[in-house]
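Observations on chain architecture
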Amino acid sequence: RPDIWPRAWRRHPAVLVVVLIVVGAITWNRSRTPFGTNHERYDGKTFNCIRVVDGDTLDIDAPDGMKASTRIRLWGVDTPETVKPNTPPMYFGHEASAYVKSRVQGKPVRIALAPSKTRDKYDRLLAYVYPAGGDSMLNEDIIANGYGYADSRFPHVWKERFSQLETRARKNKLGLWAGVTIGQMPDWRQRTEEHRSKSKTEIH
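To start, this report covers the structure provided alongside it. Because the structure is predicted, anything quoted here is derived from the model rather than measured.

Comments concerning the side chain of Glu193
Secondary-structure assignment places Glu193 in helix α7 (residues 187–203). For Glu193, a relative accessible area of 6% puts it in the buried group.

The structure is reproduced here in structure tokens:
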């Protein structure tokens, strides 16, 4: 019935078409997007890991807005790059990726989030990941076995623990610590090592 629509819409049917398209898109999006905060949607829940992107990044089978899956950045860990555009794979990058794939790809994982910060600047979910069937944390295991670095750039609840695990792995020359040079480390880590070396020189 034409009389139920506002007069302006009757004079400009194209406006009505646009409005209907927008409303339809919003309704469709809502039907695919879980409601609630990141903690309500992910924390303490188990999902399937459908893809390991590299040693510190993976996808789980949970819708995230318009995306069919959720991308997770392992909190507190930085593994050598293997998929960064215009950048060759870094030392021990393939080994780190293979290790993580063997642990979680195609398998269920439990997600734990920090109390406050839950997303990074790329909108990836920052999480501690626990392979199903065990109590070990993937983030910890990566560092403890020398497949990645304890990322000291940002505060998080397990920062001190991760640093201790790295110190132990480095002392025992596990994984990448058996042969990595400062020049093969990520840029941020090279700066950390140079600062540490400079501090030791000044003390002596």
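Here we look at helix α6 (residues 159–171)
At 3.6 residues per turn, the α-helix brings residues three or four places apart onto the same side. In a regular helix each residue adds 1.5 Å, so 13 residues correspond to 18 Å; α6 covers 18 Å between its end C-alpha atoms and thus fits that length. The complete set of buried residues in α6 reads Phe162, Leu165, Glu166 and Ala169. Along the long axis of α6, the arc covered by the buried residues comes to 100°, so they all point the same way. The outward face of α6, more than 90 degrees from its buried face, is lined by the exposed residues Glu160, Thr167 and Lys171. Two residues or fewer after α6 comes Lys173, characterised by a positive phi angle close to 55°.

Some remarks on the nonpolar core
Ranked by size, the top nonpolar core spans 32 residues in total, and within it Ile60, Ile72 and Ile111 carry the most contacts. For this core, the secondary structure elements donating two or more residues are β1 (46–54), β2 (57–60), β3 (70–74), α4 (93–104), β5 (108–112), β6 (125–131), α5 (138–144) and α6. Leave out the neighbours within four places in its chain, and Ile111 touches Tyr42, Asp43, Gly44, Lys45, Phe47, Ile60, Ile72, Leu125, Ala127, Tyr128 and Val129. Tyr149, Ala169, Leu176 and Met185 belong to the second largest nonpolar core, which has 8 residues in total.

Digging into the layout of surface pockets
By volume, the largest pocket is sized at about 890 Å³. Looking at the largest pocket, it is lined by 30 residues, and the ones nearest its centre are Arg73, Glu81, Tyr122, Arg124 and Arg153. The set of elements that each furnish at least two residues to the lining of the largest pocket consists of β1, β3, β4 (77–78) and α7. The element contributing the most residues to the lining of the largest pocket is β3, with 3 residues. Roughly 220 Å³ of internal volume is contained in the second largest pocket. Taken together, 16 residues line the second largest pocket, and the ones lying closest to its centre are Ala150, Ser163, Glu166, Arg189 and Arg196. Those elements that provide at least two residues to the lining of the second largest pocket are α6 and α7. Ranked by residue count, the leading element in the lining of the second largest pocket is α6, at 8 residues.

Rules and cut-offs
All residue numbers refer to positions counted from 1 along the written sequence of the respective chain. For this predicted model, a pLDDT threshold of at least 70 governs which residues receive local features, and a threshold of 80 or more governs which side-chain atom pairs are given and counted, while totals over whole chains, interfaces and linings are taken from all residues. As a rule here, side-chain values cover all heavy atoms of the structure and leave hydrogens and water aside. Note on conventions: DSSP H or I runs of at least 4 residues are helices, E runs of at least 2 residues are strands, and numbering of each starts at the N terminus. Three exposure classes are used, based on accessible area relative to the maximum for each residue type with a 1.4 Å probe and protein chains only: buried under 20%, partly exposed in between, and exposed over 50%. Under the convention used throughout, the expected extent of a helix is 1.5 Å for every residue step, that is, one less than its residue count. Think of it as the arc spanned by the lines of direction from the helix axis to the C-beta atoms. Residues enter a nonpolar core if they are buried and are Ala, Val, Leu, Ile, Met, Phe, Trp, Tyr or Cys, with the set joined through side-chain atoms within 4.5 Å. Throughout, a residue-residue contact means that at least one pair of heavy atoms, one from each residue, lies within 4.5 Å. Two kinds of site are reported from a 1 Å grid over the protein atoms alone, namely cavities, where a 1.4 Å probe fits but cannot get out, and pockets, open sets with protein on both sides within 12 Å along at least five of seven lines, and residues are called lining when an atom falls within 4 Å of a point. Grid points are joined across faces, edges and corners, and a volume is the space filled by probe spheres set on the points.

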